[in-house]
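Chain by chain, the residues run as shown.
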Amino acid sequence: MSTVVKLSSLSSRSAAAVQPRPTGWLRTILARIVRWHELARQRRALVRASDALLRDIGISRMEADYEASRPFWDDPFGGRPLLRRRDQR
């Protein structure tokens, strides 16, 4: 005997589980956007940090200003390029 479940009886949690999750290249792009957002947030925080806090973490005001001036996509840990050229495959 099969069990019939009405769609309206599903909780929002189980309904969310039915939604497809991003895979492959979409997951890579979303992860990169999240990383860029985090880098931008951290760099803004460096600008607002006091000199005492910067001394505590071991960087100078000049180093903090330099780091904060970098664009959000300039990731110090590199990361793979989102798209590779055909001759690099």
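All of the points below concern the structure found in this document. Treat the numbers as computed from the prediction; the structure is a model and nothing was measured.

1. Observations regarding the side chain of Arg70
Tracing the chain through its elements places Arg70 in the segment after helix H4 (61–69). A polar side-chain atom of Arg70 sits 3.1 Å from a polar atom in the side chain of Asp74. In this view, Arg70 contacts Arg43, Asp75 and Pro76; residues no more than four positions away in its chain are not counted.

2. As for the packing of aromatic side chains
Per the counting criterion, the structure on display carries 2 aromatic pairs. Here Phe72 and Trp73 contribute two aromatic rings whose centre-to-centre distance is 5.0 Å and whose plane-to-plane angle is 85 degrees, an arrangement assigned as edge-to-face. What makes Phe72 partly exposed here is its relative accessible area of 37%. Of the aromatic side chains, those joined through ring pairs into one cluster are Trp36, Phe72 and Trp73.

3. Some thoughts on the packing of helix H2 (residues 25–48) against H4
The interhelical angle for the contact between H2 and H4, taken along N-to-C directions, is 150 degrees, at an axis separation of 8 Å. The interaxial crossing formed by H2 with H4 has left-handed handedness. Each of Arg43, Leu46 and Val47 in H2 lies in contact with H4, whose residues at this interface are Arg61, Ala64, Glu67 and Ala68.

4. Examining H2
Given a rise of 1.5 Å per residue, 24 residues ought to cover 34 Å, and the 35 Å separating the end C-alpha atoms of H2 matches this to within 8%. Every buried residue belonging to H2 is among Arg32, Leu39, Arg43 and Leu46, and all of these are buried. On its buried face, H2 is in contact with helix H3 (51–57) and H4.

5. Some thoughts on the side chain of Arg43
If you trace the backbone, Arg43 turns up in helix H2. Under the relative-accessibility criterion, Arg43 is labelled buried at 5%. Engagement of the side chain of Arg43 in a polar contact is seen with the side chain of Glu67, the distance being 3.0 Å. A distance of 2.7 Å separates a polar atom in the side chain of Arg43 from the backbone oxygen of Asp74. If sequence neighbours within four positions are ignored, Arg43 has contacts with Glu67, Ala68, Arg70, Pro71, Phe72, Asp74 and Pro76.

6. Overview of the environment of Ala68
Position of Ala68 relative to the elements: it lies in helix H4. Here the alpha-carbon distance between Ala68 and Arg48, two residues 20 residues apart in the chain, equals 10.0 Å. Ignoring anything within four residues of it in the chain, the contact list for Ala68 reads Arg43 and Val47.

Cut-off values and rules
- Residues numbered from 1 in each chain as written.
- Predicted model: local features only at pLDDT ≥ 70, side-chain atom pairs only at ≥ 80, totals over all residues.
- Heavy atoms only, no water.
- Helix = DSSP H or I, 4+ residues; strand = E, 2+ residues; numbered from the N terminus.
- Polar contact = N/O pair within 3.5 Å; in protein donor to acceptor, adjacent residues only side chain to side chain.
- Contact = heavy atoms within 4.5 Å.
- Phe/Tyr/Trp six-rings, centres within 6.5 Å; stacked < 30°, edge-to-face > 60°.
- Buried < 20%, exposed > 50% of the residue type's maximum accessible area, 1.4 Å probe, protein only.
- Axes fitted to C-alpha atoms, helices over the stretch in contact; angles between N-to-C directions.
- Left-handed = near helix turned anticlockwise from the far one by under 90°.
- Expected span 1.5 Å × (residues − 1).

On their own, these measurements won't tell you what the molecule is for.
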